Amino acid sequence: METTQQAGEPGAAERRRRELLEAADRVVLRDGPKASMNAIAAEAGITKPILYRHFGDKAGLYQALAVRHTDALLDSLRAALDAPAERRRRVEATLDTYLVAIEARPQVYRFLMHPAEDSHAAERGFDVGLHSAPLLRRLGEELAQVIGERVDLRPGGERLARVWGHGIVGMMHAAGDWWLGERPCDRAELVTALTDLLWGRLATAGNRPDGPGF
């Protein structure tokens with residue numbers, strides 16, 4: 001049980017918050033969208049009011065977990081985009097990185113993107129869509145920034161980069177969600193098919209002279 005002294009120690013609150021997120025991750029990996037605040041509090045060895053003290057409610061906990069996993073995914077996507085390879089290979093690697101992430105932790109993905117059909121009555125007011133949409137928008141803006149910095153899309157390059165960024169993220173999300181649920185083909189086949197779909201103008205656009213290249 002937490003004490004007032006522990007809460008006041010330098011860095012103790014942030015350390016405790018991290019420990020609680022790790023406990024939440026374990027429950028989400030086990031229960032997916034059915035993960036409840038009660039189960040997370042039990043996993044962390046605390047009462048639910050203490051969990052509320054750190055995160056406010058399920059939406060606050062969800063947001064903290066979403067930031068944690070989105071940050072990790074963005075780091076992986078940037079690494080794929082910066083890999084020393086020709087452009088098509090980097091596009092393929094970026095798509096594959098996203099699919100690997102959702103395939104490796106499908107319960108986490110479903111918790112972040114899909115509501116539980118049998119949520120507890122106290123949590124039925126939680127709207128996953130309300131919170132998941134900003135995650136996709138954040139990914140879209142991050143990818144748009146990468147495209148805008150690297151690819152020469154003038155005129156209207158900034159606007160077009162945002163169209164491409166959000167369009168690519170929407171495609172990855174929709175295709176990945178379908179693929180994860182039905183497994184109609186192997187991951188490599190899906191990556192190749194999606195890259196073929198994207199390749200058009202992306203194949204012929206030049207690099208920005210003042211950018212790092214793509």
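Note that the structure is predicted; figures quoted are calculated from it, not measured.

What about unusual backbone geometry?
With an omega of -5°, the peptide bond running from Arg154 to Pro155 counts as cis. The backbone phi angle of Arg183 is positive, close to 50°, even though this residue is not glycine. Inspection of the secondary structure puts Arg183 in the loop between α9 (157–182) and α10 (187–204).

What about the environment of Gly181?
Secondary-structure assignment places Gly181 in helix α9. For Gly181, a relative accessible area of 61% puts it in the exposed group. It is 9.6 Å that separates the C-alpha atoms of Gly181 and Pro106, two residues lying 75 residues apart in sequence.

Let's talk about the environment of Val67
Position of Val67 among the secondary structure elements: in helix α5 (residues 58–81). Since its relative accessible area comes to 33%, Val67 is described here as partly exposed. Put simply, Val67 and Leu135 are 68 residues apart on the chain and 8.2 Å apart in space, counted from C-alpha to C-alpha.

Examining helix α6 (residues 87–104)
End to end, α6 covers 25 Å across 18 residues, agreeing with the expected 26 Å (1.5 Å per residue, within 8%). The set of residues buried in α6 consists of Arg87, Arg88, Arg90, Val91, Glu92, Thr94, Leu95, Thr97, Tyr98, Leu99 and Ile102.

Thoughts on the nonpolar core
Residues Leu51, Leu61, Leu95, Tyr98, Ile147 and Leu153 are the most contacted members of the largest nonpolar core, which totals 60 residues. Every residue in contact with Leu61, bar those within four places of it in the chain, is listed here: Leu21, Ala24, Met37, Ile40 and Phe55.

Side note on helix α2 (residues 12–31)
With 20 residues, α2 extends 28 Å from end C-alpha to end C-alpha; this agrees with the ideal 28 Å at 1.5 Å per step. Among the residues of α2, Ala12, Arg16, Leu20, Leu21, Ala23, Ala24, Asp25, Val27 and Val28 are the ones counted as buried. Note on α2: the residue one or two positions beyond its end, Gly32, has a positive phi of about 60°.

Focus on the side chain of Arg90
In this structure, Arg90 sits in helix α6. In this structure Arg90 is buried but unpaired, with Asp82 as the nearest side chain of opposite charge at 5.7 Å. When residues no more than four places from it in sequence are discounted, the contact partners of Arg90 are Ala80, Leu81, Ala83, Ala85, Arg150, Gly213 and Phe214.

Section: the packing of α2 against helix α4 (residues 48–55)
At a closest axis distance of 11 Å, the pairing of α2 and α4 adopts a crossing angle of 115°. By crossing handedness, the relation of α2 to α4 is classed as left-handed. Here Ala13, Arg16, Arg17, Leu20 and Leu21 of α2 lie close against α4, whose contacting residues are Leu51, His54 and Phe55. Per-class residue counts for the contact of α2 with α4 are five nonpolar, one polar and two charged.

Quick word on the pattern of salt bridges
According to the stated counting rule, one finds 19 salt bridges in the structure shown. In this structure, Arg187 engages Asp96 in a salt bridge whose closest nitrogen and oxygen atoms are separated by 2.6 Å. Of this pair, Arg187 sits in helix α10 while Asp96 is found in helix α6, placing the two residues 91 residues apart along the sequence. The shortest N-O distance in the salt bridge between Glu103 and Arg187 comes to 2.8 Å. Of this pair, Glu103 sits in helix α6 while Arg187 sits in helix α10, placing them 84 residues apart in sequence. Assessed through its relative accessible area of 26%, Glu103 is described here as partly exposed.

Conventions used here
Along each chain, the written sequence defines residue order, and numbers are assigned to residues from 1. It should be noted that, the model being predicted, local features are given only for residues of pLDDT at least 70 and side-chain atom pairs only at 80 or more, the latter also being counted only at that level, while totals for whole chains, interfaces and linings use all residues. The basis for the side-chain values is all heavy atoms of the structure; hydrogens and waters are excluded. Only runs of H or I of at least four residues qualify as helices and only runs of E of at least two qualify as strands under DSSP, and these elements are numbered from the N terminus. Whether a residue is buried, partly exposed or exposed follows from its accessible area with a 1.4 Å probe, protein chains only, as a fraction of its type maximum: under 20%, in between, or over 50%, in that order. Take the residue count of a helix, subtract one, and multiply by 1.5 Å to get its expected span. In this description, a nonpolar core means a group of buried Ala, Val, Leu, Ile, Met, Phe, Trp, Tyr and Cys residues linked to one another through side-chain atoms lying within 4.5 Å. Note on definitions: a residue-residue contact is assigned when non-hydrogen atoms from the two residues lie within 4.5 Å. Here the positive residues are Lys and Arg and the negative ones are Asp and Glu; neither His nor the chain ends is included. Salt bridge, as applied in this entry: a Lys or Arg side-chain nitrogen positioned within 4 Å of an Asp or Glu carboxyl oxygen. Here the axes come from fitting lines to C-alpha atoms, over the contacting stretch only for helices, and the angles between their N-to-C directions go from 0 to 180 degrees. Left-handed describes a crossing whose near helix is turned anticlockwise from the far helix through less than a right angle; right-handed describes the clockwise counterpart. Note on residue categories: nonpolar means Ala, Val, Leu, Ile, Met, Phe, Trp, Tyr, Cys or Pro, charged means Asp, Glu, Lys or Arg, and polar means any other residue, Gly included.

Just distances and angles here, no functional claims.
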